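Structure at a glance
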Amino acid sequence: MKTNEMLTKGVRVKDMPEEWFSIPEDKDLMNGVTATMAVYYGNRLMDSHCFTEASAFVDTLISKETAIVGLFKGLLVCDRIYCALISGSDTEIAEIIEKLYTKAHKQFIKQMHNNLSVIRTKYALALLYEKDRHKAELMQKQFEKYAKKYPYVCDIESEWELMEIARRLDL
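This text gives an overview of the structure that appears in the document. (Residues numbered from 1 in each chain as written. Predicted model: local features only at pLDDT ≥ 70, side-chain atom pairs only at ≥ 80, totals over all residues. Heavy atoms only, no water.)

A count of helices and strands for the protein gives nine helices and zero strands. Across the protein, helices and strands are ordered from the amino to the carboxyl terminus as α-α-α-α-α-α-α-α-α. Taken over the C-alpha trace, the protein has a radius of gyration of 15 Å; the compact-globule value for 171 residues is 16 Å, and the two agree within 12%. Reported as C-alpha extents along the three principal axes, the dimensions of the protein are approximately 45 × 35 × 25 Å. Expressed as a percentage of its 171 residues, the buried residues of the protein come to 46%. Here the contacts in the protein between residues at least 6 apart in sequence split such that 62% fall between residues at least 24 apart. (Helix = DSSP H or I, 4+ residues; strand = E, 2+ residues; numbered from the N terminus. Rg over C-alpha atoms; globule rule 2.2 N^0.38 Å. Buried < 20%, exposed > 50% of the residue type's maximum accessible area, 1.4 Å probe, protein only. Contact = heavy atoms within 4.5 Å.)

Ranked by internal contacts, the top residues of the largest apolar core, which has 42 residues, are F51, I81 and Y82. Contributing elements (two or more residues each) for this core: α2 (32-47), α3 (51-62), α4 (70-87), α5 (90-100), α7 (116-129), α8 (133-147) and α9 (153-170). Residues in contact with F51, not counting those within four places in the same chain, are M46, Y82, C83, I86, S87, L162 and I165. (Core = buried A, V, L, I, M, F, W, Y, C linked by side-chain atoms within 4.5 Å.)

Enumeration according to the criterion identifies 16 salt bridges in this entry. Residue D26 pairs with K64 through a salt bridge whose shortest N-O separation is 2.3 Å. Here K64 lies in the loop between α3 and α4 and D26 lies in the loop between α1 (2-8) and α2, a separation of 38 residues in the sequence. With a relative accessible area of 46%, D26 lands in the partly exposed category. The partner of E130 in a salt bridge is K135, with the nearest N and O atoms 3.0 Å apart. Residue classification places K135 among the partly exposed residues on the basis of a relative accessible area of 33%. Because the salt bridges share partners, they merge into one network encompassing R12, D47, E157 and E161. (Salt bridge = Lys/Arg side-chain N within 4 Å of Asp/Glu carboxyl O.)

Another point: the packing of aromatic side chains. Overall, the coordinates contain four aromatic pairs when judged by the stated rule. With a centroid separation of 5.5 Å and an interplanar angle of 40°, the aromatic rings of F143 and W160 are classed as tilted. Within this pair, whereas F143 is found in helix α8, its partner W160 is found in helix α9, the two being separated by 17 residues in sequence. On the accessibility criterion, F143 (2% relative accessible area) is buried. Given a relative accessible area of 29%, W160 falls into the partly exposed group. In this structure, R120 packs its charged tip against the face of Y82, placed 4.9 Å from the ring centre. (Phe/Tyr/Trp six-rings, centres within 6.5 Å; stacked < 30°, edge-to-face > 60°. Lys NZ or Arg CZ within 6 Å of the ring centre and 35° of its normal.)

Here α8 spans 21 Å end to end across 15 residues, near enough to the 21 Å set by a 1.5 Å rise per residue. All of the buried residues along α8 are A136, M139, Q142, F143, Y146 and A147. Each buried residue of α8 sits inside an arc of 130° when the element is viewed along its axis, so together they form one side. Turned more than 90 degrees away from the buried face of α8, the exposed residues are R133 and H134. Summarising the contacts, the buried residues of α8 are in contact with α7 and α9. Near the N-terminus of α8, the side chain that reaches the backbone nitrogen of H134, with its oxygen 3.2 Å away, is that of D132. (Expected span 1.5 Å × (residues − 1). Arc of directions from axis to C-beta. Polar contact = N/O pair within 3.5 Å; in protein donor to acceptor, adjacent residues only side chain to side chain.)

Next up on the list: α3. The first and last C-alpha atoms of α3 sit 16 Å apart over 12 residues, in line with the 16 Å expected at 1.5 Å per residue. Listed as buried for α3 are F51, A54, S55, F57, V58 and L61.

And the structure:
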């Protein structure tokens, strides 16, 4: 609850006290509240640009049975795809895309088309995987449109930074 309060005040998860974030034990991941804490841990890794750790964490988390709700699972998959795109080898990228960018995940992305994390992932896919700069530009415009209405400034900043990382890799 404290994390949510801080988010509403504009504090990014990377700037919150480290002791608020820990990896729950497997048995605790069947509890919805504890499972959500695990998601915040992953969010902190992404916001801190710890992509290797985020990749490993998400791989572990999505391979287990947990009480993480579908929305958060879908966003974790977006994070994992993004991490592969910006730091993986061509082989790893192909493996992650084949494994995680499934018909079901594409449907999730379609349903969540206005979520900034989804837009960021689509931007990175267009730019770094599909090599389609025009499509990436459209994703950037979509991001800017939805960012104007988005309630958490800290998320906008974080997601924009992640898009910038992808953009720099395309140069």
